[in-house]
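Read off the chains here:
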Amino acid sequence: MEALNGIKDLSYALDTFYFLVMGALVMFMAAGFAMLEAGLVRAKNTAEILTKNIVLYAVACIMYMFVGYNIMYGDGNGYIPGLSFFLSADNDPAEVLKQGMDGWYDGSYYSGMSDFFFQVVFVAAAMSIVSGAVAERMKLWAFMVFAVVMTSVIYPVQGYWKWGGGFLDANGFQDFAGSGVVHMCGAVAALAGVLLLGARKGKYKADGSINPIPGANMPLATLGTFILWMGWFGFNGGSELIVSNVGEANAVAMVFVNTNMAAAGGVVAAIITARILFGKADLTMALNGALAGLVSITAEPLAPTPGLATIIGAIGGILVVFSIITLDKLKLDDPVGAISVHGTAGIWGLLAVILSNGDATLGGQLLGIASIFVWTFVASLIVWGIIKAVMGLRVTEEEEYAGVDLAECGLEAYPEFTGTMGSGK
Amino acid sequence: MKLVMAIIKPFRLDDVREALSDIGVQGITVTEVKGFGRQKGHTELYRGAEYVVDFLPKVKIEAVVTDALVDQVVEAISKAANSGKIGDGKIFVSGVEQAVRIRTGESGDDAL
């Protein structure tokens, strides 16, 4: 009995430890988003996008603890989730050890707090997606109000439908780590915001032609992409949920390998596509290609062979380039390409599950895509609309020209080099 | 005394400075400037869309030299700054009434 308890202790501790470390990797993706977005906006909007990124992370943590986690993983009827507040106590050690070895993994095999920690960093990732798309023109506080609703209600409700055991889960919708639940959800919320917000001043000329607005700092954007790439090992690797036996350990390793291969495929495909289409190797497309590859494999990083994972990522990398060009032409101004990276590649990833996972059906995947899209889009549109009516979404034209750093934060990212304070001050 | 003002391509600055030193010019003032000429800027590409950079970075060189030296100076700059491609820049020459070296109070050609 003593020896058996020792094994249970070890198993519980190992799975909890694995979950916490994977969660910490995902937490660092917040830094990746912050650097990527800071690199792809203009210098005069850098401090504000960084402010948004750190505050949205904090808001997401608080709101998800307050109610979001309970909506997502509480009781409900499959469609309408239950409502309760704050986190419940963690597993009682004596109760855990009472569980038999048969069906161990159906019981409490890791800490409940580690589960919350792993989930809360996901909602923050979804919200980070929104901040890039609405960058350089949205009011800081309008964005924060949306962050409160997104992380406490909009994201958790559709999360409940899948991961909380709701109707999407019952209908066979497959989404391993959240191509749909996290990435497409974030992208669709961003799309609704961009529709009501409008393009950045100067992005489109009077004759309708596109006037590109280059990002200020390519090294930061590249660093951010590498950080996200690394964080994704936690994002997908942790979503296997168990590591404490030979089969599951192999599965986690497979997820790591496939996640890495898909990103590599995305980069190579995107840079070649850009070279063919534009005649130049556009770095920003390579960066978006890496992320598109990662988003594409997130719905099913376990079942494909590494070769197939590379191809799934590569197709994501090609799609993202065309998606960015198309959105630009539709006058949907997305400074960092978030809607294409997380939305277009997210949809592709959900469909690509069918290629390798025998449990997935086209109908189930389409139902999931449609449900998440419609819910997130309609709910977001309503919330953005209310915010627009009550407090306004955009800064004034003059503030936009001077940069939202000064207008919203009262400081600049690089006061010695830019802006009104002049050099050397 | 003449003021020779030249707008040149930034990457030619070192060559021009050497050429002017070689013919005995004692000092120049260099400013980083932006502008356009008949070239009218140039186009760049970002995320698949072309955009025009209206003002190109150039370097402005100013040198005040004696009347005797001015033709050599113009020739030296013309040679050193010439890449044969569009956008090599221009040279302007104008008269200077007076020059004073602040430390010693010397004036005219002696101050150069």
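Treat the numbers as computed from the prediction; the structure is a model and nothing was measured.

Criteria and cut-off values
Residues numbered from 1 in each chain as written. Chains lettered and ligands numbered in written order. Predicted model: local features only at pLDDT ≥ 70, side-chain atom pairs only at ≥ 80, totals over all residues. Helix = DSSP H or I, 4+ residues; strand = E, 2+ residues; numbered from the N terminus. Buried ≥ 20, exposed ≤ 12 C-beta atoms within 10 Å, placed from the backbone. Contact = placed C-beta atoms within 7 Å. Nonpolar A, V, L, I, M, F, W, Y, C, P; charged D, E, K, R; others polar. Pairing = 2+ DSSP bridges. pLDDT = per-residue confidence, 0-100. Axes fitted to C-alpha atoms, helices over the stretch in contact; angles between N-to-C directions. Parallel < 35°, antiparallel > 145°, perpendicular 65-115°, else oblique. Left-handed = near helix turned anticlockwise from the far one by under 90°. Core = buried A, V, L, I, M, F, W, Y, C linked by C-beta atoms within 7 Å.

(A) Spatial organisation of the overall build of chain A. Scanning chain A for helices and strands turns up 15 helices and zero strands. Seen through its C-alpha atoms, chain A measures out along the principal axes to roughly 75 × 45 × 45 Å. Residues counted as buried form 54% of the 425 residues belonging to chain A. For chain A, restricting intrachain contacts to residue pairs at least 6 apart in sequence, the fraction spanning at least 24 positions comes to 78%.

(B) View of the interface of chain B and chain A. If you look at the interface, chain B gives six residues, while chain A gives 13 residues. If you list the elements that add at least two residues to the side of chain B that touches chain A, you get β3 (42-46) and β4 (49-53) of chain B. Counted by class, the side of chain B that touches chain A contains four nonpolar, one polar and one charged residues.

(C) Layout of the pairing of strand β1 (residues 2-8) of chain B. Residue and element names in this part refer to chain B. Across seven bridges, the pairing between β1 and strand β5 (residues 56-65) is antiparallel. Residue pairing in the sheet places Val 4 in a bridge with Ala 63 of β5. As defined by bridge partners, β1 adjoins strand β6 (residues 89-95) across seven bridges and the pair is classed as antiparallel. Bridge assignment links Ala 6 to a residue of β6, and that residue is Ile 91.

(D) Here's a closer look at the confidence of the model for chain A. Residues of chain A with pLDDT of at least 70 account for 98%, and the chain-wide mean is 95. Across residues 421-425 of chain A the pLDDT falls below 50, and counting only partners more than four positions away or on other chains, this stretch makes seven contacts in the model.

(E) Main features of the pairing of β5 of chain B. Inspection of the sheet shows strand β2 (residues 29-35) of chain B paired to β5 of chain B by seven bridges, in the antiparallel sense. Each residue of the ladder has a partner; that of Gly 35 of chain B, found in β5 of chain B, is Leu 56 of chain B.

(F) Here's a closer look at the environment of Gly 74 of chain A. Inspection of the secondary structure puts Gly 74 of chain A in the loop between α2 (46-73) and α3 (93-98). For the pair Gly 74 of chain A and Gly 289 of chain A, spaced 215 residues apart in the sequence, the C-alpha separation amounts to 36 Å.

(G) Spatial organisation of the packing of helix α5 (residues 140-162) of chain A against helix α7 (residues 179-197) of chain A. All names here are of chain A. Their axes nearest at 11 Å, the elements α5 and α7 cross at an angle of 135°. By the criterion of interaxial angle, the relationship of α5 to α7 is oblique. When the axes of α5 and α7 are compared, the crossing they make is right-handed. For the pair formed by α5 and α7, the contact residues are Met 150, Ile 154, Tyr 155, Gln 158, Gly 159 and Lys 162 on the first element and Val 181, Cys 185 and Ala 189 on the second. Residues of the contact of α5 with α7, tallied by class, amount to six nonpolar, two polar and one charged.

(H) Summary view of the nonpolar core. Ala 60, Ala 190 and Ala 270 of chain A are the most contacted members of the largest nonpolar core, which totals 129 residues. Apart from residues no more than four positions distant in its own chain, Ala 60 of chain A is found in contact with Val 120, Val 123, Ala 124, Met 127, Ala 147 and Thr 151 of chain A. The next biggest cluster of nonpolar side chains, apart from the first, holds 16 residues, and it includes Val 4, Ala 19, Val 73 and Ile 77 of chain B.

(I) Region of interest: the confidence of the model for chain B. Residue and element names in this part refer to chain B. Per-residue confidence for chain B gives a mean pLDDT of 93, with 100% of residues at or over 70. Within chain B, the lowest mean pLDDT, 84, falls on β4, and the highest, 97, falls on β1. Scored as a whole, the predicted complex attains pTM 0.88, and scored at its interfaces, ipTM 0.72.

(J) Highlighting the environment of Val 194 of chain A. Residues and elements named next belong to chain A. For Val 194, the location among the structural elements is in helix α7. On the basis of neighbour count, Val 194 is assigned to the buried category, with 24 C-beta atoms found within 10 Å. As a C-alpha pair, Val 194 and Gly 23 span 171 residues in sequence and 30 Å in three-dimensional space. Other than its neighbours up to four places away in sequence, Val 194 contacts Ala 133, Val 134, Leu 332, Asp 333 and Asp 334.

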